[in-house]
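Inside the fold
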Amino acid sequence: MNGWSTVGLLVISNIFMTFAWYGQLKLSEMKVITSDTPLYIVILLSWLIALLEYCFMVPANRYGFIGNGGQFSLLQLKVMQEVISLLVFSVFAILLFKGESLHWNHFLAFGLLIAAVYLVFMDN
(Lines give C-alpha, C1' and ligand atoms only; values in the text may rest on other atoms or scores of the structure.)
Protein backbone atom coordinates (compact mmCIF):
# COMPACT_ATOMS: atom_id res chain seq x y z
CA MET A 1 0.00 0.00 0.00
CA ASN A 2 1.39 3.41 -0.85
CA GLY A 3 1.34 6.42 1.45
CA TRP A 4 -1.55 8.12 -0.34
CA SER A 5 -3.75 5.06 0.18
CA THR A 6 -3.04 5.26 3.90
CA VAL A 7 -3.92 8.97 3.94
CA GLY A 8 -7.12 8.30 1.97
CA LEU A 9 -8.20 5.58 4.40
CA LEU A 10 -7.47 7.92 7.32
CA VAL A 11 -9.61 10.66 5.75
CA ILE A 12 -12.54 8.29 5.17
CA SER A 13 -12.16 6.91 8.68
CA ASN A 14 -12.22 10.38 10.20
CA ILE A 15 -15.32 11.35 8.24
CA PHE A 16 -17.16 8.43 9.83
CA MET A 17 -15.63 9.21 13.23
CA THR A 18 -16.79 12.82 13.08
CA PHE A 19 -20.31 11.77 12.16
CA ALA A 20 -20.32 9.14 14.92
CA TRP A 21 -19.25 11.65 17.56
CA TYR A 22 -20.96 14.86 16.45
CA GLY A 23 -23.63 13.83 13.94
CA GLN A 24 -26.15 13.26 16.72
CA LEU A 25 -25.88 16.96 17.58
CA LYS A 26 -26.90 17.89 14.04
CA LEU A 27 -29.68 15.28 14.11
CA SER A 28 -30.96 16.88 17.31
CA GLU A 29 -30.85 20.29 15.67
CA MET A 30 -32.83 18.87 12.74
CA LYS A 31 -35.35 17.31 15.16
CA VAL A 32 -34.56 13.79 13.90
CA ILE A 33 -33.39 12.94 17.40
CA THR A 34 -35.29 14.65 20.19
CA SER A 35 -34.57 15.10 23.86
CA ASP A 36 -37.02 12.22 24.39
CA THR A 37 -34.85 9.82 22.37
CA PRO A 38 -33.24 7.44 24.85
CA LEU A 39 -29.50 7.91 25.20
CA TYR A 40 -28.85 4.22 24.53
CA ILE A 41 -30.43 4.62 21.06
CA VAL A 42 -28.12 7.56 20.29
CA ILE A 43 -25.12 5.57 21.57
CA LEU A 44 -26.03 2.51 19.48
CA LEU A 45 -26.44 4.66 16.37
CA SER A 46 -23.03 6.22 17.03
CA TRP A 47 -21.47 2.77 17.54
CA LEU A 48 -22.83 1.59 14.20
CA ILE A 49 -21.26 4.57 12.48
CA ALA A 50 -18.03 4.09 14.45
CA LEU A 51 -17.88 0.50 13.19
CA LEU A 52 -17.49 1.93 9.69
CA GLU A 53 -14.73 4.17 11.01
CA TYR A 54 -12.83 1.13 12.28
CA CYS A 55 -13.26 -0.60 8.90
CA PHE A 56 -11.04 2.14 7.43
CA MET A 57 -8.83 3.09 10.39
CA VAL A 58 -7.55 -0.40 11.14
CA PRO A 59 -6.39 -1.09 7.55
CA ALA A 60 -4.86 2.40 7.30
CA ASN A 61 -2.76 1.76 10.39
CA ARG A 62 -2.06 -1.89 9.65
CA TYR A 63 -0.90 -1.39 6.07
CA GLY A 64 0.59 2.06 6.57
CA PHE A 65 2.81 1.00 9.48
CA ILE A 66 6.45 0.50 8.55
CA GLY A 67 6.58 -2.68 10.65
CA ASN A 68 4.03 -4.24 8.27
CA GLY A 69 5.73 -3.05 5.08
CA GLY A 70 4.12 0.40 5.03
CA GLN A 71 5.79 3.79 4.83
CA PHE A 72 5.02 5.37 8.19
CA SER A 73 6.24 5.04 11.75
CA LEU A 74 3.73 4.74 14.56
CA LEU A 75 4.27 8.40 15.54
CA GLN A 76 3.85 9.57 11.95
CA LEU A 77 0.57 7.68 11.64
CA LYS A 78 -0.75 9.20 14.87
CA VAL A 79 0.20 12.78 14.04
CA MET A 80 -1.30 12.44 10.55
CA GLN A 81 -4.49 11.02 12.03
CA GLU A 82 -4.81 13.93 14.47
CA VAL A 83 -4.30 16.57 11.78
CA ILE A 84 -6.75 14.84 9.44
CA SER A 85 -9.24 14.54 12.30
CA LEU A 86 -9.11 18.27 13.02
CA LEU A 87 -9.38 19.19 9.34
CA VAL A 88 -12.38 16.91 8.82
CA PHE A 89 -13.99 18.24 12.00
CA SER A 90 -13.44 21.85 10.90
CA VAL A 91 -15.12 21.25 7.55
CA PHE A 92 -17.96 19.39 9.29
CA ALA A 93 -18.48 22.19 11.83
CA ILE A 94 -18.43 24.98 9.25
CA LEU A 95 -20.71 23.25 6.75
CA LEU A 96 -23.25 21.70 9.12
CA PHE A 97 -23.24 24.07 12.09
CA LYS A 98 -23.78 27.57 10.76
CA GLY A 99 -22.97 29.25 14.08
CA GLU A 100 -19.41 27.91 14.07
CA SER A 101 -16.61 29.85 12.44
CA LEU A 102 -12.84 29.84 12.30
CA HIS A 103 -10.80 32.70 13.72
CA TRP A 104 -7.14 33.71 13.59
CA ASN A 105 -6.26 31.55 16.58
CA HIS A 106 -7.73 28.47 14.89
CA PHE A 107 -5.61 29.11 11.79
CA LEU A 108 -2.54 29.57 13.98
CA ALA A 109 -3.31 26.28 15.73
CA PHE A 110 -3.63 24.53 12.36
CA GLY A 111 -0.31 26.02 11.31
CA LEU A 112 1.29 24.62 14.43
CA LEU A 113 -0.21 21.21 13.66
CA ILE A 114 1.27 21.34 10.19
CA ALA A 115 4.59 22.21 11.82
CA ALA A 116 4.13 19.12 14.02
CA VAL A 117 3.66 16.98 10.92
CA TYR A 118 6.80 18.47 9.41
CA LEU A 119 8.76 17.79 12.58
CA VAL A 120 7.57 14.21 12.96
CA PHE A 121 8.60 13.46 9.37
CA MET A 122 12.07 15.03 9.72
CA ASP A 123 15.03 12.71 9.50
CA ASN A 124 16.99 12.49 12.75
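Refer to the structure above for everything that follows.
Summary of the structure given here.

Among the secondary structure elements, Val42 is positioned in helix H2 (residues 39-64). According to the relative accessible area criterion, Val42 is buried, its value standing at 9%. If we ignore the near neighbours within four places in the chain, the residues touching Val42 are Gln24, Ile33 and Thr37.

Let us look at the packing of helix H1 (residues 3-29) against helix H3 (residues 74-96). The interhelical angle for the contact between H1 and H3, taken along N-to-C directions, is 40°, at an axis separation of 9 Å. Comparing the axis directions of H1 and H3 gives the class oblique. By crossing handedness, the relation of H1 to H3 is classed as right-handed. Across the contact of H1 with H3, the residue classes break down as 14 nonpolar, six polar and two charged.

Tracing the backbone through its elements, the reader meets Leu87 in helix H3. Along the primary structure Leu87 and Asn14 are separated by 73 residues, whereas in three dimensions their C-alpha atoms are 9.3 Å apart.

Calculation criteria
Residues numbered from 1 in each chain as written. Predicted model: local features only at pLDDT ≥ 70, side-chain atom pairs only at ≥ 80, totals over all residues. Heavy atoms only, no water. Helix = DSSP H or I, 4+ residues; strand = E, 2+ residues; numbered from the N terminus. Buried < 20%, exposed > 50% of the residue type's maximum accessible area, 1.4 Å probe, protein only. Contact = heavy atoms within 4.5 Å. Axes fitted to C-alpha atoms, helices over the stretch in contact; angles between N-to-C directions. Parallel < 35°, antiparallel > 145°, perpendicular 65-115°, else oblique. Left-handed = near helix turned anticlockwise from the far one by under 90°. Nonpolar A, V, L, I, M, F, W, Y, C, P; charged D, E, K, R; others polar.

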